[in-house]
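Coordinates in review
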Amino acid sequence: MSKQRLVVLGGGESGFGTAVLGVKQGYDVFLSDGGKIKDLYKKQLEDWKITYEEGGHTEEKVLSADLVMKSPGIPEKAEMIKKLRKQGVRIVSEIEFASWYTDAKIVGITGANGKTTTTALTYHILKAGGLNVGLGGNIGKSFAYQVATENFEYYVLEISSFQLDDIEKFRPHVAVLTNITPDHLDRYNYDLQNYVEAKYKITKNQNEGDYFIYCADDEITVANLDRYPTKAQKIPFAWDKEFAEGGFVKDDNIIINHNKNQFIMSIQELGLSGRHNVYNSLAAGIVANVYGLRKEQIRESLADMKSLEHRMETVAKVRNIEFINDSKATNVNSSWYALESMTKPVIWIAGGIDKGNDYTIMEQLVKKKVKGMICLGVDNTKLHSAFGKVVDIMVNVTNMNDAVRMAYQLGSPGDCVLLSPACASFDLFENYEDRGKKFREAVVQL
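Just so it is clear, the structure is predicted and the values come from calculations on it, not from any experiment. (Residues numbered from 1 in each chain as written. Predicted model: local features only at pLDDT ≥ 70, side-chain atom pairs only at ≥ 80, totals over all residues. Heavy atoms only, no water.)

Glancing now at the overall build of the protein chain. Each helix and strand counted, the protein chain has 17 helices and 20 strands in total. Computed over its C-alpha atoms, the radius of gyration of the protein chain comes to 22 Å, within 12% of the 22 Å expected for a compact globule of 446 residues. Along the first, second and third principal axes, the C-alpha set of the protein chain runs to 70 × 55 × 40 Å. Looking at the protein chain as a whole, 57% of its 446 residues qualify as buried. Roughly 19100 Å² of accessible area belongs to the protein chain as shown, and the carbon and sulfur atoms make up 47% of that amount. Distance between charge centroids for the protein chain: 1 Å, based on 54 positive and 58 negative side chains. (Helix = DSSP H or I, 4+ residues; strand = E, 2+ residues; numbered from the N terminus. Rg over C-alpha atoms; globule rule 2.2 N^0.38 Å. Buried < 20%, exposed > 50% of the residue type's maximum accessible area, 1.4 Å probe, protein only. Areas by Shrake-Rupley, 256 points an atom, 1.4 Å probe, with all protein chains shown as cover. Lys, Arg positive; Asp, Glu negative; His and termini not counted. Charge placed at Lys NZ, Arg CZ, Asp CG, Glu CD.)

Counting residues in each nonpolar core, the largest one holds 54 residues, and the members touching the most others are Ile-95, Phe-143, Leu-157, Tyr-200 and Phe-212. Take this core: its biggest share by element is five residues, from helix α7 (residues 143-149). Not counting residues within four places of it along the chain, the set of residues in contact with Tyr-200 comprises Leu-177, Ile-180, Phe-212, Thr-221, Asn-224, Leu-225 and Tyr-228. Grouped together as the second largest cluster of nonpolar side chains are 43 residues, Tyr-123, Ile-139, Met-265 and Ala-284 included. (Core = buried A, V, L, I, M, F, W, Y, C linked by side-chain atoms within 4.5 Å. Contact = heavy atoms within 4.5 Å.)

What follows is about the packing of aromatic side chains. Inspection of every chain in the model, using the stated rule, returns 18 aromatic pairs. With 5.6 Å between their ring centres and 70 degrees between their planes, Tyr-359 and Phe-387 make a pair best called edge-to-face. One end of the pair, Tyr-359, is in the loop between β17 (346-350) and α14 (363-369); the other, Phe-387, is in helix α15 (residues 381-387), and 28 residues separate them in sequence. Assessed through its relative accessible area of 5%, Tyr-359 is described here as buried. Ring pairing ties together the aromatic residues Tyr-27, Phe-97, Trp-100 and Tyr-101, which thus form one cluster. (Phe/Tyr/Trp six-rings, centres within 6.5 Å; stacked < 30°, edge-to-face > 60°.)

Along the polypeptide, Thr-221 turns up in helix α10 (residues 219-223). Judged by its relative accessible area of 0%, Thr-221 falls in the buried class. Only 2.5 Å separates the side chain of Thr-221 from the side chain of Asp-218, close enough to count as a polar contact. (Polar contact = N/O pair within 3.5 Å; in protein donor to acceptor, adjacent residues only side chain to side chain.)

Shown next, in the form of structure tokens:
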């Protein structure tokens, strides 16, 4: 009997991982990347004796697939995807494919904002609590690669809407939906409901023994609960709504009620500061309670967690002006939370590729907190029309060195320069990490 042919589209982390798992599971694997594959992945593909191509797709080789794994960055409107769909070839995401080959319990975390921090925090707590746990998805190593090479009993996965688009049976034991705000609308025909539907796929295959944790303060999430029903046990969290089963804030404490147990911890003790991180800590704390970790262990882990790279990361103080790298804020809501947590006057560096952003929710906050704005992008017209009347000083720049130097000149001792772009980075940078790294380098050069 001939082997099933698995074609992997995209030679990044998820593509390479899927190719390795495919080989281990006995598929005839071929990897194709329209761009250039990093040397690191090329060497590993060669070590695993996986055939690949880069710089374009050979149609005949791709269309001969029995099964295709499409990397999350490839949109549905790509010509090769249209041809595969027309031919009726089955297309899945990496998380779908990898989930077929593991019996591990999966915690799947999605949302427009907070998913990376919540994922890292949940992993940190479960690992410290002694569970044999892997970290994957959009963060850490490829989920598929870990399924191929490790033997974890639990996985904590950060999952994007793009990865959820191509699932069939993927079923996390615990699903977390941090929130839904307009994001990536360029990939969803500028229709918010299409994006909402993608996010809710995280719970669609869950059953009565599973858990669905969601933010009851998020209007879009709550408005769609009935539209996308789940069999899972629902556990909400919120700021000031009290739940007999769920998490909330009361008298400056986070309180989690689960299974007739109560966990209480002062907000002041949390390692991650800011209102958005209270939500992230509630979500992660509920997951830890679901898995029955000791209260002392949960408390210790929530207290000693540090900020992630490129997420509200203090880079340096120069002339008593603080420089904060929040390059991971690639949408409006993320930047709203960043500004909302600021206690000093802000010089705000924003801009990049607009993903269908609506800046109106930020107007009052910007008016209150921002004294000057550096627009870092190829096209800044939308930022100017949104904030031109509420910010006194607006400057256009097209590279990070100019952005940092100009922000430094506009700042005074006691101010804060905040890189929180509210946009994707691809107009001027490789990705948000590259943008954050260049910010750090420019600050060090001051």
